[in-house]
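The primary structure of each chain is shown beneath.
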Amino acid sequence: FTALHGAAGALMNAAFYKSGFKNFLPVPQQYEPHPLFPTVKAPNPENPDSLKLALEKAHADNADLIVATDGDGDRVGVAFRNTEGDFTSLSGNQIGTVFLYYLLSKLREKGKIHPHLFALSSVVSTPLTRTICEKFGVEYYETLTGFKNMGNKAEAVVAANSQARMVLAFEEAFGVTVGDSRDKDGIISCLLAAHISGDGGFTSWLEKMYSECGYAAEDAVERTFLGSEGIHSMQRLMNEVRVNAPKEFLASRVVKLRDFQTFKEIVDGEDRAMTHLPQQNLLHITNSQGDWLAIRPSGTEPKVKVYLGVYHTSYSRDTVKAAHARLKELKNFAESLLSS
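Summary of the structure given here. Keep in mind the model is a prediction, meaning the values are calculated, not measured.

### Brief notes about the overall build of the protein
And step 1. Of regular secondary structure, the protein possesses nine helices and 15 strands.
And step 2. A compact globule built from 340 residues should have a C-alpha radius of gyration of about 20 Å, and the protein, at 20 Å, falls within 12% of that.
And step 3. Each of the three principal axes of the protein carries a C-alpha extent, and together these read 55 × 50 × 45 Å.
And step 4. The buried share among the 340 residues of the protein stands at 50%.
And step 5. The long-range fraction of contacts in the protein, counting pairs at least 24 apart against all pairs at least 6 apart in sequence, stands at 62%.

### Quick notes on the nonpolar core
Within soluble globular proteins, side chains that are nonpolar generally end up buried alongside one another.
And step 1. Ranked by size, the top nonpolar core spans 76 residues in total, and within it F16, V78, F99, I132, F202 and L293 carry the most contacts.
And step 2. Not counting chain neighbours up to four residues away, the residues in contact with F202 comprise L65, V78, F80, L90, V98, F99, A193, I196 and S197.
And step 3. By size, the runner-up hydrophobic cluster in this structure holds ten residues, among which are F260, W292, A294 and Y307.

### Some remarks on the environment of R223
And step 1. Its location among the elements puts R223 in strand 8 (residues 215-224).
And step 2. For the pair R223 and K305, spaced 82 residues apart in the sequence, the C-alpha separation amounts to 6.5 Å.
And step 3. In this view, R223 contacts P302, K303, V304, L338, S339 and S340; residues no more than four positions away in its chain are not counted.
And step 4. A distance of 2.5 Å separates the side chain of R223 from the backbone oxygen of L338, its partner in a polar contact.

### Some words on the sheet that holds strand 1 (residues 65-69)
And step 1. Strand order in the open sheet formed by three strands is 1-2-3, with antiparallel pairing between adjacent strands. For this open sheet the edge positions go to strand 1 and strand 3 (87-89), each flanked by a neighbour on one side alone. On average, each strand axis in the sheet is inclined to that of its neighbour by 20°, with strand direction left out of account.
And step 2. Sheet analysis places strand 1 next to strand 2 (residues 76-81), joined by five bridges and oriented antiparallel.

### Brief notes about the sheet that holds strand 4 (residues 117-122)
Whenever strands of a sheet pair, they do so through backbone hydrogen bonds, lying parallel or antiparallel.
And step 1. Pairing within the open sheet is mixed, and its four strands lie in the order 5-4-6-7. With partners counted over all chains shown, the strands left at the sheet margins are strand 5 (139-143) and strand 7 (175-178), one partner each. Taking the axes of each pair of neighbouring strands and ignoring which way they run, one obtains an average angle of 15° across the sheet.
And step 2. Against the sheet, helix 3 (residues 92-109) contacts strand 4, strand 6 (165-171) and strand 7, and its axis sits at roughly 165° relative to strand 6.

### Side note on the packing of aromatic side chains
And step 1. Counted under the stated rule, the structure contains 13 aromatic pairs.
And step 2. On the basis of an interplanar angle of 80° and a centroid distance of 6.3 Å, the ring pair of F1 and F16 is categorised as edge-to-face. Of the two residues, F1 sits in the segment before helix 1 (9-18) while F16 sits in helix 1, which places them 15 residues apart along the sequence.
And step 3. According to the relative accessible area criterion, F1 is buried, its value standing at 8%.
And step 4. You can call F16 buried: its relative accessible area is 4%.
And step 5. Taken together, a centroid distance of 5.3 Å and an interplanar angle of 45° make the contact between Y210 and Y315 tilted. With a gap of 105 residues between them, Y210 in helix 7 (residues 202-213) and Y315 in the loop between strand 15 (303-312) and helix 9 (317-338) connect regions that are remote in the sequence.
And step 6. Here the aromatic residues F1, F16, Y17, F21 and F24 are joined through ring pairs into a cluster of three or more.
And step 7. Directly above the aromatic system of W205 lies the positively charged group of K208, at a separation of 4.1 Å from the ring centroid.

Procedures and definitions
Residues numbered from 1 in each chain as written. Predicted model: local features only at pLDDT ≥ 70, side-chain atom pairs only at ≥ 80, totals over all residues. Heavy atoms only, no water. Helix = DSSP H or I, 4+ residues; strand = E, 2+ residues; numbered from the N terminus. Rg over C-alpha atoms; globule rule 2.2 N^0.38 Å. Buried < 20%, exposed > 50% of the residue type's maximum accessible area, 1.4 Å probe, protein only. Contact = heavy atoms within 4.5 Å. Core = buried A, V, L, I, M, F, W, Y, C linked by side-chain atoms within 4.5 Å. Polar contact = N/O pair within 3.5 Å; in protein donor to acceptor, adjacent residues only side chain to side chain. Pairing = 2+ DSSP bridges. Axes fitted to C-alpha atoms, helices over the stretch in contact; angles between N-to-C directions. Phe/Tyr/Trp six-rings, centres within 6.5 Å; stacked < 30°, edge-to-face > 60°. Lys NZ or Arg CZ within 6 Å of the ring centre and 35° of its normal.

This is the structure:
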């Protein structure tokens, strides 16, 4: 476990012990809080280099699992020892979906699945979440990015139905929460990762999820706009994509386009009103193969980002290989949109 010089070290230590997980080792150089975060470029498990010291220690200690929290302890990073003996780092989408699949599988084993259960994810996170919920017969809700939006939606669902209970909420930016919590929580996420690792391991649970629900792969590309004209350039780019939205990509026609700024949704050429989410400068486009991309300007940085993903209904080595080849093509297409 690494706290990345953040606030979660002592809390995580206590939580592991109280939960019965005693065979764990902190990364000593990163355990104590430090305002300069001296061993990392940024204290965020989203950055692959942030796990460098943890990976070195995990190999030296023959560990099975690496978990990490960020500076304020609310994001989670996960890496597990794979069948080749190396470590595989999970993406934010993989963390959220395998956590959800595991929790729902345990509820199903105990006969506790009911239609009042629900899960949430952000509109730029993997659509695999919706498929998982459909497979288990629970409700799924999407929101705009941010746990403020997911927390508010969860509260509204519970207020409208006293039997409703949130199983999990997550977004692709390595934030997860479960149960009655309404904000992302790295402590409980690390505990859940430890349970999965001790209950068959991540390799097994990922394969179960993909076999039952299909295989998804996601990524993102971005373009930075510097200088005093940056905001205007970002707006021009968004307007260009909005006016000249692609009719197809990866040789498959566009079947759905959602514009969260104009509240207009086009499904198979038919215009519909879209009012279930707040307004945001965001376009979400899906083709007939289930490939998708979502483009929006950052709210905090001078960047336009394209989130993207592909989906296969079946799971095998061949479909995984094909999915990642298709994902590479989709990234190239997204980069061409950003350069327009």
